[in-house]
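Inside the fold
Chain by chain, the residues:
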Amino acid sequence: ETRSALEIAEGVRSGAFSAEEVTREYLDRIVERDSEICAFLSVDAEGALESARIIDRARENNEKLGSLAGVPVAVKDNLCVKGSSTTAGSRILENYVAPYTATAVQRLQAAGAVIIGKTNMDEYGMGSSTEKSAFTTTRNPWDTSRVSGGSSGGSAAAVAARECVIAVGSDTGGSIRQPASYCGVTGLKCTYGRVSRYGLLAYASSLDTVGPLATSAIDAALAAQVMAGADSLDSTSLPDDVPDFVGMVQDKSGASIEGLKIGVIDEAFEGGIDDQVAEKVNDAISVLESLGAEVVRTSLPNLRVATSGYYILAPSEASANLARYDGVRYGARYEDSENMSSLYTMSRKDGLGEEVKRRIMVGTFALSTGYYDAFYLRAQKIRTLVAQDFQRAFEKDIDLLVSPVSPTPAMGVGEKADDPVSMYAQDILTIPASLAGLPAISVPCGFSSTGLPIGLQVIGAFGKEVDVLRAAHAYQLNTDFHSKSPRE
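A brief look at the structure comes next. Nothing here was measured: the structure is a model prediction, and the numbers come from that model.

A separate point is the sheet that holds strand β9 (residues 261-265). The eleven strands lie next to each other as β1-β3-β2-β6-β8-β7-β12-β13-β11-β9-β10, forming an open sheet whose pairing is mixed. The outermost strands of the open sheet, each flanked by one partner alone, are β1 (40-43) and β10 (294-298). Neighbouring strand axes in the sheet, compared pairwise and without regard to direction, differ in orientation by 30° on average. Examined bridge by bridge, strand β11 (residues 400-404) and strand β13 (residues 453-460) share five bridges and lie antiparallel to one another.

See the structure below:
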């Protein structure tokens, strides 16, 4: 039986078992399973065991232990962990060792989490399948001929395969929620700015968010609670006090969703949505209704153009953010260059992958003189229209919005690898919440006829993670999809 993060931390604090025992159990699972799944790019067994021993010694000395004492956590490889390789899934950073630790990871460590390794990802977060990693393709633990989703595919697969209890991911346009849906785990994208981005290798700075993947909403709440909060090292982090996510979700009244008004997004079920996905998501909505929620239909008229806007805005920001990887300031250097120009050119040619180059070129073009108004400015207007759609919905006293996470279950490995536009369409339902900076969660809500997980997306108003987590937790108290694992 798989123990939750809450159960592991309580067991370590009470002395029922040691942090070292738990850590060894998960390291053994990685050895046993990960050669097939390839969720991890690196595993720090020695460092993890030493961290666990420090926690055990602290307990023996009657020191107070944190809320994640002894919980094995995996970290996406675009978040810095001091002394560890941090590649962002790219050849250009293959030998980069982080000199500091990201704020979110630092807070997890301070709460007693044991960092066991770094997970695979699409290069710089640019992909929806983890096939765009420069190192390996992560396989879906439910069916290894399928992708795990992306770009946090390694993190989602690690949780699904029970190789860790919690994994940290990043979400720019759906990169936590979509792989969580594909792999049958719970993935929380927090409100933009809720979790510090300090130490996260930037893709699109106005969209990037850090968040947890876990088996359950309550474990996701626990991890988010620890990571969240203002950070002087990130000027975009929210100054607001962090609500007690876990306490408010676990509270008897908090676990009830009676009286919550839930809007079903009409456009999310139009054209291109797999029939089985629509069926399972509608079944999940019926469960929420049976628990006392009021379900209404609502419209987000600009939902379908959000993807077009996103794929101008995100590449534009990426073209600026990735300029630093030039073989001089950061990254691998092409040694046989004849001059500075060829040093830049060859270092980036050899070090960056095809999808990253494609997005840099799109972004550079969109920002260029004569095209800025036609592309970038219009994309910003789309972003405003999408945010206004959400605002109007929440002004109608709607508390939460629901939709599928992805139009289809996990695709086959290689199925869309050479069709970038079709791959981009996998994000059509996750991008809108990202453009508006809203909290959203992916919750397992059933399986396709071929046994592939399907996810329900719950979106909340700005800063309302508690409402999102309440609905997810109430749903999981009354269903068992989240507790199923590929090895059952």
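Read on, since the account is not over.
We now examine unusual backbone geometry. That bond from glycine 150 to serine 151 is cis: its omega, 10°, falls within 30 degrees of zero. Positionally, serine 151 belongs in the loop between β5 (143-147) and α5 (153-160). Located in the positive-phi region is asparagine 62, a residue other than glycine, with phi close to 60°. Of note, asparagine 62 is situated in the loop between α3 (45-60) and β2 (72-76). Residues other than glycine seldom take positive phi values, yet threonine 130 does so here, at roughly 60°. As for its placement among the helices and strands, threonine 130 is situated in the loop between β3 (114-119) and β4 (139-140). Given the relative accessible area of 0%, threonine 130 is considered buried.

This paragraph deals with the pattern of salt bridges. The full count for this structure, using the stated rule, is 23 salt bridges. Among the ionic pairs, arginine 53 bridges to glutamate 20, the shortest N-O distance being 3.5 Å. Remark: glutamate 20 occurs in helix α2 (residues 19-37) and arginine 53 occurs in helix α3; sequence separation between them is 33 residues. For arginine 53, a relative accessible area of 27% translates into the label partly exposed. One salt bridge in this structure joins glutamate 355 and arginine 359, with 2.7 Å as the shortest N-O distance. Placement of the pair is glutamate 355 and arginine 359 together in helix α12 (residues 354-367), with a separation of four residues, close to one helical turn. Taking relative accessible area as the criterion, glutamate 355 reaches 5% and is therefore assigned buried. Counted as one network, the salt bridges with shared partners bring together Glu20, Arg24, Glu50, Arg53 and Arg57.

Of the residues making up helix α4 (residues 103-110), those classed as buried are Thr103, Ala104, Val105 and Leu108. Tucked into the core, α4 has its buried residues touching β2, β3, β6 (166-171), β8 (209-214) and α7 (217-227). Looking one or two residues beyond α4, the residue adopting positive phi is glycine 112, at roughly 100°.

With five of its five residues buried, β2 lies for the most part within the structure. Across the two faces of β2 the burial is the same, with Pro72, Ala74 and Lys76 and Val73 and Val75 all buried. The parallel pair β2 and β3 is bridged by α4, and the resulting crossover is right-handed.

Okay, the environment of alanine 158 next. For alanine 158, the location among the structural elements is in helix α5. Distance from alanine 158 to isoleucine 30, taken between C-alpha atoms, is 8.5 Å for residues 128 residues apart in sequence.

Before going further, it helps to examine the layout of surface pockets. To find the voids left in a structure, one rolls a probe of water-molecule size over its atoms. Each pocket or cavity is described by its volume, and for the largest pocket that value is around 470 Å³. In terms of lining, the largest pocket is formed by 28 residues, of which the most central are Gly47, Ser51, Gln109, Ala113 and Ile115. Within the residue set of the lining of the largest pocket, elements represented by two or more residues are β1, α3, α4 and β3. Computed from the structure, the second largest pocket encloses a volume of approximately 330 Å³. If you trace the second largest pocket, you find 17 residues lining it, with Tyr100, Leu200, Leu201, Ala202 and Arg324 closest to the centre. Here the residues of the lining of the second largest pocket are counted per class, giving eleven nonpolar, three polar and three charged.

Moving on to the packing of aromatic side chains. For the coordinates displayed, the defined rule picks out ten aromatic pairs. Here tyrosine 371 and phenylalanine 375 contribute two aromatic rings whose centre-to-centre distance is 6.3 Å and whose plane-to-plane angle is 40°, an arrangement assigned as tilted. Phenylalanine 375 gets classed as partly exposed once you look at its relative accessible area, which sits at 32%. Between the aromatic rings of phenylalanine 447 and phenylalanine 481, the centroid separation amounts to 6.3 Å while the plane-to-plane angle is 65°, which identifies the pairing as edge-to-face. You can see phenylalanine 447 sitting in strand β12 (residues 440-447) and its partner phenylalanine 481 sitting in the segment after α16 (465-477), a full 34 residues away along the chain. Relative accessible area serves as the criterion here: at 23%, phenylalanine 481 is assigned to the partly exposed category. Ring pairs connect the aromatic residues Trp142, Phe447 and Phe481, which therefore count as one cluster. The ring of phenylalanine 17 has arginine 3 lying over it, and the distance from NZ or CZ to the ring centre is 4.3 Å. A cation over an aromatic ring shows up here: arginine 29 above the ring of tyrosine 26, its NZ or CZ 4.6 Å from the ring centre.

Okay, the packing of helix α10 (residues 306-321) against α12 next. Running from N to C, α10 and α12 cross one another at 95°; their axes reach a closest spacing of 7 Å. Accordingly, the angle class assigned to the pair α10 and α12 is roughly perpendicular. Residues Tyr311, Ile312, Pro315, Ser316 and Ser319 of α10 pack against Arg359, Ile360, Val362, Gly363, Thr364, Ala366 and Leu367 of α12.

What follows deals with the nonpolar core. In terms of nonpolar packing, the biggest core is built from 147 residues, with Leu68, Val71, Tyr124, Ile166, Phe390 and Ile441 touching the most fellow members. Looking at this core, the element that brings in the most residues is α7, giving nine residues. Beyond its immediate chain neighbours, meaning those up to four positions away, phenylalanine 390 contacts Leu300, Leu401, Pro432, Ala433, Ala436, Leu438 and Ile459.

Conventions used here
- Residues numbered from 1 in each chain as written.
- Predicted model: local features only at pLDDT ≥ 70, side-chain atom pairs only at ≥ 80, totals over all residues.
- Heavy atoms only, no water.
- Pairing = 2+ DSSP bridges.
- Helix = DSSP H or I, 4+ residues; strand = E, 2+ residues; numbered from the N terminus.
- Axes fitted to C-alpha atoms, helices over the stretch in contact; angles between N-to-C directions.
- Buried < 20%, exposed > 50% of the residue type's maximum accessible area, 1.4 Å probe, protein only.
- Salt bridge = Lys/Arg side-chain N within 4 Å of Asp/Glu carboxyl O.
- Contact = heavy atoms within 4.5 Å.
- Right-handed = clockwise from strand over helix to strand, strands pointing away.
- 1 Å grid on protein atoms, 1.4 Å probe; cavity = no way out; pocket = protein on both sides within 12 Å on 5 of 7 lines; lining within 4 Å.
- Points joined across faces, edges and corners; volume = space filled by probe spheres on them.
- Nonpolar A, V, L, I, M, F, W, Y, C, P; charged D, E, K, R; others polar.
- Phe/Tyr/Trp six-rings, centres within 6.5 Å; stacked < 30°, edge-to-face > 60°.
- Lys NZ or Arg CZ within 6 Å of the ring centre and 35° of its normal.
- Parallel < 35°, antiparallel > 145°, perpendicular 65-115°, else oblique.
- Core = buried A, V, L, I, M, F, W, Y, C linked by side-chain atoms within 4.5 Å.

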